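Coordinates in review
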Amino acid sequence: MPILAAILLLISSAALAQTGLKYRVEINAPKDMAEILSKGLNLERWQNDPQMTPEQLRRLADEAEREARELAATEGYFSARVELTIEEGPQPWTVRLVLQPGERVRVGDIDLRFSGPAVEDPQSEAIFKRVRDAWPLRRGEPFRQADWEAAKRRALREMSTLRYAGARIASSEARIDRDKRSASLMVELDSGPPFRFGEIRVTGTRRYSDELVQNLSPFRPGQDYDRDKLVVYQRLLLESGYFVSVQADVDRNEVGPEGALVRVIVIEASKHNIEAGISYSTDTGPGVRLNYSNQALFDSEWRFRSNFLVNDTDRNLEFNFDSPPRRGGYWNSFLLRPYRETDIQNVRTREAVVGTSRNWGAEIPPSAVIFSANYEEESVSGGPFTDRHAVYFGYRRTFRRTDDFISPRRGYLAMFEVGGSPDALATRPFLRGIASGSAFLPLGRNGDLLLRGQVGRVVAASRDDIPSTFLFRTGGDTTVRGYDYLSLGLKQGDAVLPGRRLLVMSSEYTHWIGESWGIGVFVDAGDAWDDTTLFQAKVGYGFGARVRTPIGPIRVDLAYGEAVASWRLHFSVGFTF
């Protein structure tokens with residue numbers, strides 16, 4: 001019998017070695033910690049090892065106790081208690097881990113120190129203030145290792161944004177007081193020497209000249225280093241259409257008399273590009289679009305773009321010619337729009353435009369000096385067409401200062417345009433001005449406040465005989481939500497005509513759930529009216545989902561328009577002026 005038992009034991013051991021010990025892990029911990037433990041324990045990772053043995057499992061279990069305490073500490077639980085048991089028997093065995101995290105450590109004293117040449121530089125006070133204001137970990141907040149590392153990276157980024165491109169973290173310390181459940185934080189930032197922009201050296205050009213790349217630079221050699229200008233530079237190069245990829249940065253190891261070498265690496269875009277697609281907008285309904293562009297027209301550095309669009313409200317055909325950028329980042333554009341027809345709110349228009357502009361800047365639309373000749377025919381509620389024309393002279397300026405170009409949380413966007421048409425060149429002379437802006441304000445770690453406004457005014461004896469392009473209507477996805485597209489204006493029967501005055505205001509709060517998803521609530525108010533009518537703000541309010549994407553935040557909103565007593569769905573992407 002002893003021999004038989006030994007043989008059976010050998011057979012079972014051989015079978016176990018052949019198939020591997022099967023086990024499952026049960027974690028008993030608060031939800032947030034349970035998810036972290038399930039991803040971070042080696043015990044979880046090795047569950048399906050075909051060569052697992054009881055001895056290896058017990059070693060993994062011993063390690064798991066230590067790993068669980070370390071993972072808890074990274075989340076601010078420095079007094080966590082861990083109990084781990086193994087229930088042996090028929091396979092799969094059960095490994096049960098119980099974590100009692102205890103009270104979480106919170107941020108206490110915060111000491112941000114600065115060293116290096118910046119300490120003796122009077123201009124650095126603004127930089128130091130920027131670092132302190134942007135510091136995300138506030139007193140009383142939970143202490144987490146990931147947040148601590150992110151806060152240090154943020155401080156270094158803010159420190160190295162202006163002048164001091166070579167800033168580094170000289171030392172950092174998180175001192176944990178287990179009894180007081182407090183973390184005292186210290187970070188010392190060494191500025192390093194101040195940097196200035198130097199020569200621009202381009203790599204990757206074949207079809208285009210290096211001078212073309214250099215001409216779009218928003219800075220000159222000898223100017224103080226500013227990372228935001230590098231971001232603008234990259235955006236200008238990408239928006240030009242010449243390139244599909246751009247990298248630009250100063251070489252901190254190659255500094256000349258004028259400043260640090262600026263290395264720009266580009267990948268050129270294809271000469272020809274054709275885009276075709278179908279679309280849907282809650283403003284304009286379903287549509288089709290066909291675009292063709294040539295980035296080297298007649299083997300030159302001139303660019304050509306054509307656009308054909310058809311949707312429920314708009315039929316548009318236009319051609320654009322853009323000159324190569326000149327020194328200082330200026331380029332000239334020529335527009336030919338032989339045909340555009342719109343049918344919005346029972347107002348039908350047919351339009352033809354030819355114009356030119358001198359442009360600069362990375363915004364859409366860019367800053368520009370504008371000249372255009374506009375011809376338009378208008379029919380209201382199916383009535384006869386009346387024609388009007390205007391030769392327009394205008395000046396547009398855009399401004400931007402945000403912490404991020406795609407999904408900003410702090411800063412502002414602004415635009416204003418002034419212009420007009422003289423008596424001899426228009427069916428009715430007029431002066432026109434419009435200004436709009438958006439302010440981004442972070443409210444805590446997960447909250448964003450967006451304040452938006454727009455105001456416009458046309459000075460003329462009457463709105464009649466002025467092309468509707470220069471007048472105002474509002475309402476829709478990106479203006480006053482809760483109302484149909486351009487449905488706010490002058491009521492005339494069943495039609496809505498544009499007026500000479502415009503005012504729109506909006507306040508929107510978004511609470512982010514994780515990195516990419518959020519919930520927003522908003523209130524919009526505004527109207528377009530005329531000198532002969534009174535302003536009566538139309539209010540819309542509601543809520544919606546937010547998603548951060550590489551092309552900007554996507555918004556899906558459900559809004560209630562008080563003046564029409566109805567709900568409306570709105571969809572938009574990014575930020576607009």
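The notes below deal with the structure included here. (Residues numbered from 1 in each chain as written. Predicted model: local features only at pLDDT ≥ 70, side-chain atom pairs only at ≥ 80, totals over all residues. Heavy atoms only, no water.)

1. Considerations on helix α4 (residues 54-74)
Counting along an α-helix, one turn takes 3.6 residues, and residues three or four places apart therefore face a common direction. To keep it simple, the criterion reads: A run of H or I in DSSP counts as a helix once it spans at least four residues, and a run of E counts as a strand once it spans at least two, with each numbered from the N terminus. Take the number of residues in a helix, subtract one, and multiply by 1.5 Å to get its expected span. Relative accessibility thresholds used throughout: buried, under 20% of the residue-type maximum; exposed, over 50%; partly exposed, between the two (1.4 Å probe, protein chains only).
Compared with the 30 Å implied by 1.5 Å per residue over 21 residues, the 30 Å span of α4 between its first and last C-alpha is a close match. Of all the residues in α4, the buried ones are Pro54, Leu57, Leu60, Ala61, Ala64, Glu67, Ala68, Leu71, Ala72 and Ala73. Glycine 76 lies just past α4 and shows a positive phi near 95°.

2. So, the nonpolar core
For the record, the criterion: Joining through side-chain atoms within 4.5 Å is the link that ties buried Ala, Val, Leu, Ile, Met, Phe, Trp, Tyr and Cys residues into a set, and such a set is a nonpolar core. Two residues qualify as a contact provided that any one of their heavy atoms is within 4.5 Å of a heavy atom in the partner residue.
Counting residues in hydrophobic clusters, the biggest one holds 25 residues, and the most contacted among them are Tyr23, Leu37, Leu43, Leu57, Leu97 and Leu99. Breaking this core down by element, the ones donating at least two residues are β1 (23-28), α2 (31-40), α4, β2 (81-87) and β3 (93-100). Per-element accounting of this core gives the leading share, seven residues, to α4. Filtering out sequence-adjacent residues up to four positions away, leucine 57 remains in contact with Leu21, Tyr23, Leu43, Met52, Ile86, Trp93 and Val95. Grouped together as the second largest cluster of nonpolar side chains are 24 residues, Tyr208, Val213, Phe219 and Val264 included.

3. Brief notes about unusual backbone geometry
Both trends apply: most residues other than glycine have a negative phi, and most peptide bonds are in trans. Here glutamine 91 and proline 92 are connected by a cis peptide whose omega angle stands at 5°. Note on placement: proline 92 falls in the loop between β2 and β3. In this structure, proline 365 follows isoleucine 364 across a cis peptide bond, with omega equal to 0°. Tracing the backbone through its elements, the reader meets proline 365 in the loop between β15 (347-360) and β16 (367-380).

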